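Analysis of the macromolecular model
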Amino acid sequence: MRVGLFIPCYINQLYPEVAIATLELLEKLKVDVYYPSTQTCCGQPLGNSGYEEDSKGACQLFVENFKEYDCIVGPSGSCIYHVKKHFDILEQTPDVVKVRNNAYELCEFIVKVLGKTDLGASFPHKVGLHKSCHGLRGLHLGSCSERMDPHFSTEEDLLNNVKGLELMKLNREDECCGFGGTFSVFEEAISVKMGKDKIQDHLNSGVEVITGADHSCLMHLEGLINRDNKPLKVMHIAEILNSTI
Amino acid sequence: MSHSEKAAIFNKNEAKVNWHDKALWYVREKRDNAAHGVKGWEYLRDTASKIKGNVLSNLDNYLIEFEANALKNGIKVHWASDAKEHNSIVYKIVKEHNAKKVVKSKSMLTEECHLNPYLESKNIEVVDTDLGEYIVQIAKETPSHIVLPAIHKTKEEVDELFQEHLGTKPSNGNPEYLTNEARKHLRNKFLQADVAITGVNFAIAETGGFVVCTNEGNADMGAHLVPVHIACMGIEKIIPKEEHLGVFLRLLARSATGQPITTYSSHFNKPAEGKELHIVIVDNGRTEQLSREDFRSSLHCIRCGACMNTCPIYRRSGGHSYDATIPGPIGSILSPGKDLTKHSSLPFASTLCGSCSNVCPVKINIHEQLYKWRQIIVKEEPQPFVKKSILKIAGKVLENRTLYNFAGKSARFMLKYAPKFMIYSKLNAWGNARDLPEVKNTNFDDWYKAKRKNKK
């Protein structure tokens, strides 16, 4: 199985360590992984702002870059959700359909496609899981508190198998952090308030490290944590799953 | 003013925001508990959604069937194409009976049609008898929530309001005392009224009767004491058969307040002897919304308010920031259909987190419709120059790898070396309360080129 590694634009430029951890993790799991070098972005920032027409070129480029792979894997639930959900602005050629059907968020790929939950990682810390909305409610990476379905969580399955890691229970376990892409800028007051409340929930639960499968949410939370000097660290789930003592 | 500007003002008082958020989250948790108690809750939602889908596909037939059966029962049926016609029909009935005093039970439709100011301009006294509605009425405000109209007011604020308008004693926000005082006051209003106006929760095509749900019994009190009862309903309130009521009544109260059922689910089938029962069936933009394929399922809404309680943005911005009869997520997909210019900021007042769609008892895909309205709004409404330009340029950059490389490197260079006063300026809303990410020495592209030379 040939896997195309999708690294979202902001992770490529600002969080190379997240991309590296994702790549190393996939390599450790013996995945035949490739990084198409002309990739840019899934087009989500434009689509969510109402400009999906202007994102067609970016979406088309995404398909060109990934059409030859059996699976496309990215460390971002939100971007993968965008590919699966909103690429219907493109003509649905066999390539487009193939890319949409075979795009996976990293944890989803490891658990559902590779069928693994114990990756041999160790991380002896108190961890709070931020269940990002697009991964949770969009990709169904876990059960949602609004729905009366049996409990499950792809990310929890992975984290519970990390040696020494203590997964802390939050008060509002799947409330949005307030990032929302351009929402964070155009609705700044609410976005900041939501983020502050989310951070407080983690602090109240004794969390040392906030993790999640979507670094955009974590970027927003980290910005607030650093500004307010809160005693919390932020790490992408790939970094935790890739870590050893 | 846009939603974000209004929300920013509301957020100046953080203690109040926290209180508002907690009050609504409490209701959301009550709803979760109540929904957990029903086996097959998701099946129930699915059934309700399908019934509503059927109704919307056969709306004309069900409305005609309802009218025929209602007439048979002795109900007088009126049709109104818009708010103006609705108001004049109501006024005509009121005038025919020389009525001067009207008691109203909560009806979002009459709010939507601005019935109160219209009747008041004709020297008719209108009293909202739902306690929450009564509070906002004397405060000269509009409801900030469709089920909890005065949720934006604290007990202490209600205390002051009652002292001013009802002459009550200061009670430090004692809810029992305040409720009793309101009850005494409203009782007189019920006894003096000539006409009662109620909303309609469900109208049954098969029987020609309708159901009104309240927790305070105010609709019944009004309707039973007066000689004339006028019920006002939107065309989408129809359900095909009486047997479908069980589905909706089980969902409505649990979704709204976490109760198994509303305290009063009152069935009205025909006028009592010697009395009149009127029903006004109102379109007011609903058929237009029905014609929009992407947005038609917004008419499934049974007005439970669950999407507001769950919405993390609504909870922190308050209902009035939406400046619409129906606020919150559902209002944000209904309102643009009525006035795109006025409500163009509402579909953006969301992170598209999807909690509203998950909580909705009739499975309206609210967050997907918000996304769709955004695409329409940027085409049809003038957009801020900066926002438009940035996103257009971003589109060009992201479809071209050379431009993308250049932009990525420039942005990283700027973040690293530009003076702080430039980065943390008023132009950068990100940086008001948040630090920007720390820039690393490399990006992933460069790292990959250096470390994984042999793999394409």
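All values derive from a computational prediction rather than experimental measurement.

Before going further, it helps to examine the overall build of chain A. A count of helical and extended segments in chain A gives 13 helices and eight strands. Relative to the globule expectation of 18 Å for 245 residues, the C-alpha radius of gyration of chain A, 17 Å, shows essentially globular dimensions. For chain A, the spread of C-alpha atoms along the three principal axes comes to 50 × 40 × 40 Å. In chain A, buried positions account for 67% of the 245 residues. A separation threshold of at least 6 residues defines the contact pool for chain A, and within that pool the share at least 24 residues apart is 76%. As presented, chain A carries roughly 8,100 Å² of accessible surface, and 50% of it is formed by carbon and sulfur atoms. Seen as two clouds, the 24 positive and the 34 negative side-chain charges of chain A have centres 3 Å apart.

Confidence along chain B averages 95 in pLDDT terms, with 99% of residues attaining 70 or more. Two numbers describe this predicted complex: its pTM, 0.96, and its ipTM, 0.97.

Another aspect to go through is the interface of chain B and chain A. Each partner contributes to the interface: chain B provides 79 residues, whereas chain A provides 76 residues. Roughly 6,700 Å² of surface becomes buried between chain B and chain A when both sides are summed, with 56% attributable to carbon and sulfur atoms. Sorting the residues of chain B by area buried against chain A places Tyr371, Arg434 and Phe444 of chain B first, and these three jointly supply 11% of that buried surface. Counting the contacts that link chain B with chain A gives 13 salt bridges. Measuring nitrogen to oxygen at the nearest pair gives 2.8 Å for the salt bridge that ties Glu368 of chain B to Lys85 of chain A. Remark: the boundary between chain B and chain A carries 42 residue pairs in polar contact (both at pLDDT 80 or more).

The next thing to look at is the packing of helix H8 (residues 131–138) of chain B against helix H9 (residues 155–166) of chain B. All names here are of chain B. Interhelical geometry of H8 versus H9 gives an angle of 65 degrees and a closest axis separation of 10 Å. With respect to their mutual orientation, H8 and H9 come out roughly perpendicular. The two elements H8 and H9 cross, and the hand of that crossing is left-handed. Listed contacts from H9 to Leu131, Tyr134, Ile135 and Ile138 of H8 are Val158, Leu161, Phe162, His165 and Leu166. By residue class, the composition of the contact of H8 with H9 is eight nonpolar, one polar and no charged.

Right, let's talk about unusual backbone geometry for a bit. Residue and element names in this part refer to chain B. Located in the positive-phi region is Asn98, a residue other than glycine, with phi close to 50 degrees. Located in the positive-phi region is Asn123, a residue other than glycine, with phi close to 65 degrees. The topology assignment puts Asn123 in the loop between helix H7 (115–121) and strand E3 (125–128). By relative accessible area, Asn123 is classed as exposed at 63%.

Within the secondary structure layout, Thr198 of chain B lies in strand E4 (residues 195–198). Setting aside anything within four residues of it in sequence, one finds Thr198 of chain B in contact with Ser105, Ser107, Phe210, Val212, Ala219, His229, Ile230, Ala231 and Cys232 of chain B.

With that out of the way, let us pick up the sheet that holds E3 of chain B. All names here are of chain B. Taken together, six strands build an open sheet; the order of strands is E1-E10-E7-E4-E2-E3 and the sheet is parallel. A strand with exactly one partner marks an edge of an open sheet, and here the two such strands are strand E1 (76–80) and E3. The sheet shows a mean angle of 20 degrees between the axes of neighbouring strands, direction not considered. Of the strands in this sheet, E1, strand E7 (228–234) and strand E10 (276–282) touch helix H4 (residues 59–72), which is tilted by about 150 degrees from E1.

Our focus in this paragraph is the packing of aromatic side chains. For any two aromatic rings, the description comes down to two numbers: the centre-to-centre distance and the angle of the planes. Tallied over the full model, the rule gives 18 aromatic pairs over all chains. Aromatic pair Phe6 of chain A and Phe66 of chain A: ring centres 6.0 Å apart, planes at 85 degrees, arrangement edge-to-face. Placement of Phe6 of chain A in the loop between strand E1 (2–5) and helix H1 (9–14) and of Phe66 of chain A in helix H4 (residues 56–66) is noted, with a sequence separation of 60 residues between them. By relative accessible area, Phe6 of chain A is classed as buried at 1%. Of the residues examined, Phe66 of chain A reaches a relative accessible area of 0% and is grouped as buried. With a centroid separation of 6.2 Å and an interplanar angle of 80 degrees, the aromatic rings of Phe179 of chain A and Trp430 of chain B are classed as edge-to-face. Residue Phe179 of chain A is found in the loop between strand E6 (166–167) and helix H10 (183–186), and its partner Trp430 of chain B is found in the loop between helix H21 (420–423) and helix H22 (444–451); the two belong to separate chains. Here the two residues Phe179 of chain A and Trp430 of chain B agree in accessibility, since each one is buried.

Residue and element names in this part refer to chain B. Helix length check: helix H12 (residues 245–257) (13 residues) gives 18 Å between terminal C-alpha atoms against 18 Å at 1.5 Å per residue, within 8%. Burial analysis of H12 places 11 of its 13 residues in the buried class, the great majority of the element. Of all the residues in H12, the buried ones are Leu245, Val247, Phe248, Leu249, Leu251, Leu252, Ala253, Arg254, Ser255, Ala256 and Thr257. Gly258 sits one or two residues past H12 and shows a positive phi near 85 degrees.

Let us look at the environment of Tyr322 of chain B. Residues and elements named next belong to chain B. Structurally, the position occupied by Tyr322 is in the loop between helix H15 (312–317) and helix H16 (328–338). Spatially, the C-alpha atom of Tyr322 lies 6.8 Å from that of Leu346, the residues being 24 residues apart in sequence. Other than its neighbours up to four places away in sequence, Tyr322 contacts His3, Cys311, Ile313, Tyr314, Ser317, Pro327, Gly328, Ser332, His343, Leu346 and Ala349. A polar atom in the side chain of Tyr322 sits 3.4 Å from the backbone nitrogen of Tyr314.

Moving on to the pattern of salt bridges. Two side chains that carry opposite charge are able to pair once their charged atoms sit near each other. With the rule as written, the count across this model stands at 50 salt bridges over all chains. Between Lys153 of chain B and Glu141 of chain B there is a salt bridge, with the nearest N and O atoms lying 3.0 Å from each other. Of the two residues, Lys153 of chain B is situated in the loop between H8 and H9 and Glu141 of chain B in the loop between H8 and H9; the sequence distance between them amounts to 12 residues. A single salt-bridge network, built from bridges that share partners, covers Arg172, Glu175, Lys193, Lys196 and Asp197 of chain A together with Glu14, Asp21, Arg315 and Arg316 of chain B.

Residue and element names in this part refer to chain B. In terms of nonpolar packing, the biggest core is built from 99 residues, with Phe66, Phe202, Phe210, Ile238, Phe248, Ile279 and Ile330 touching the most fellow members. The element contributing the most residues to this core is H12, with seven residues. Those residues in contact with Ile238 that lie beyond four places of it in its chain are Lys52, Val55, Tyr62, Leu63, Phe66, Ala203, Ala205 and Met233.

Attention shifts here to the pairing of strand E8 (residues 233–236) of chain A. One face of the sheet, then the other: side chains in a regular strand alternate in exactly this way. Residue and element names in this part refer to chain A. Strand direction decides the pairing type here: strand E7 (residues 209–212) and E8, joined by four bridges, are parallel. Considered in E8, the bridge of Val209 is made with Lys233. In this fold, the crossover linking E7 to E8 by way of helix H12 (residues 215–227) has right-handed handedness.

Criteria and thresholds
Every chain is numbered on its own, with residues counted from 1 as its sequence reads. Just so you know, chain letters begin at A and ligand numbers begin at 1, following the order they were written in. Totals for whole chains, interfaces and linings use all residues, but because this is a predicted model, local features are given only for residues with pLDDT of at least 70 and pairs of side-chain atoms are given and counted only at 80 or more. With hydrogens and water set aside, each side-chain value is computed from the structure's full complement of heavy atoms. Secondary structure is summarised from DSSP: a helix means a run of H or I of at least four residues, a strand means a run of E of at least two, and numbering begins at the N terminus for each. The globule rule used here is 2.2 Å times the number of residues to the 0.38 power, and the radius of gyration it is set against is calculated over C-alpha atoms. We call a residue buried when its accessible area falls under 20% of the maximum for its residue type, exposed when it is over 50%, and partly exposed in between, using a 1.4 Å probe and counting protein chains only. Throughout, a contact is declared for two residues whenever any of their heavy atoms are within 4.5 Å. Surface exposure here means Shrake-Rupley accessible area, sampled with a 1.4 Å probe, where a residue is shielded only by the protein chains that are shown. Neither His nor the chain ends is counted toward charge; the positive residues are Lys and Arg and the negative residues Asp and Glu. All charge positions are set by atom: Lys at NZ, Arg at CZ, Asp at CG, Glu at CD. Per-residue confidence from the predictor is given as pLDDT, running between 0 and 100. Buried area: the accessible area, evaluated with a 1.4 Å probe, that two parts lose upon being put together, summed over both parts. By definition, a salt bridge exists where a carboxyl oxygen of Asp or Glu is found within 4 Å of a side-chain nitrogen of Lys or Arg. Pairs of N or O atoms within 3.5 Å make up the polar contacts considered here, provided that, within protein, one atom can donate a hydrogen while the other can accept it, and that residues adjacent in sequence are counted only when both atoms are side-chain atoms. Here an axis means a line fitted to C-alpha atoms, over the contact stretch when the element is a helix, while the angle between two N-to-C directions is reported on a 0 to 180 degree scale. Angles below 35 degrees are treated as roughly parallel, those above 145 as roughly antiparallel, those between 65 and 115 as roughly perpendicular, and all remaining angles as oblique. Two helices cross in a left-handed way if the nearer one is turned anticlockwise from the farther one by less than a right angle. They cross in a right-handed way if the turn is clockwise. Under the convention adopted here, Pro, Cys and the residues Ala, Val, Leu, Ile, Met, Phe, Trp and Tyr are nonpolar, Asp, Glu, Lys and Arg are charged, and Gly plus all remaining residues are polar. Two strands make a pair as long as DSSP finds a minimum of two bridges between them. Any pair of Phe, Tyr and Trp rings, taking the six-membered ring for Trp, is counted once the centres come within 6.5 Å. Such a pair is stacked with planes under 30 degrees apart, edge-to-face with planes over 60 apart, and tilted for the rest. Helices are assigned an expected span. That span is 1.5 Å times one less than the residue count. By convention a nonpolar core is built from buried Ala, Val, Leu, Ile, Met, Phe, Trp, Tyr and Cys residues, the set being connected through side-chain atoms within 4.5 Å. Whether a crossover is right-handed depends on one test, that the path from the first strand over the helix to the second runs clockwise when the strands point away from the viewer.

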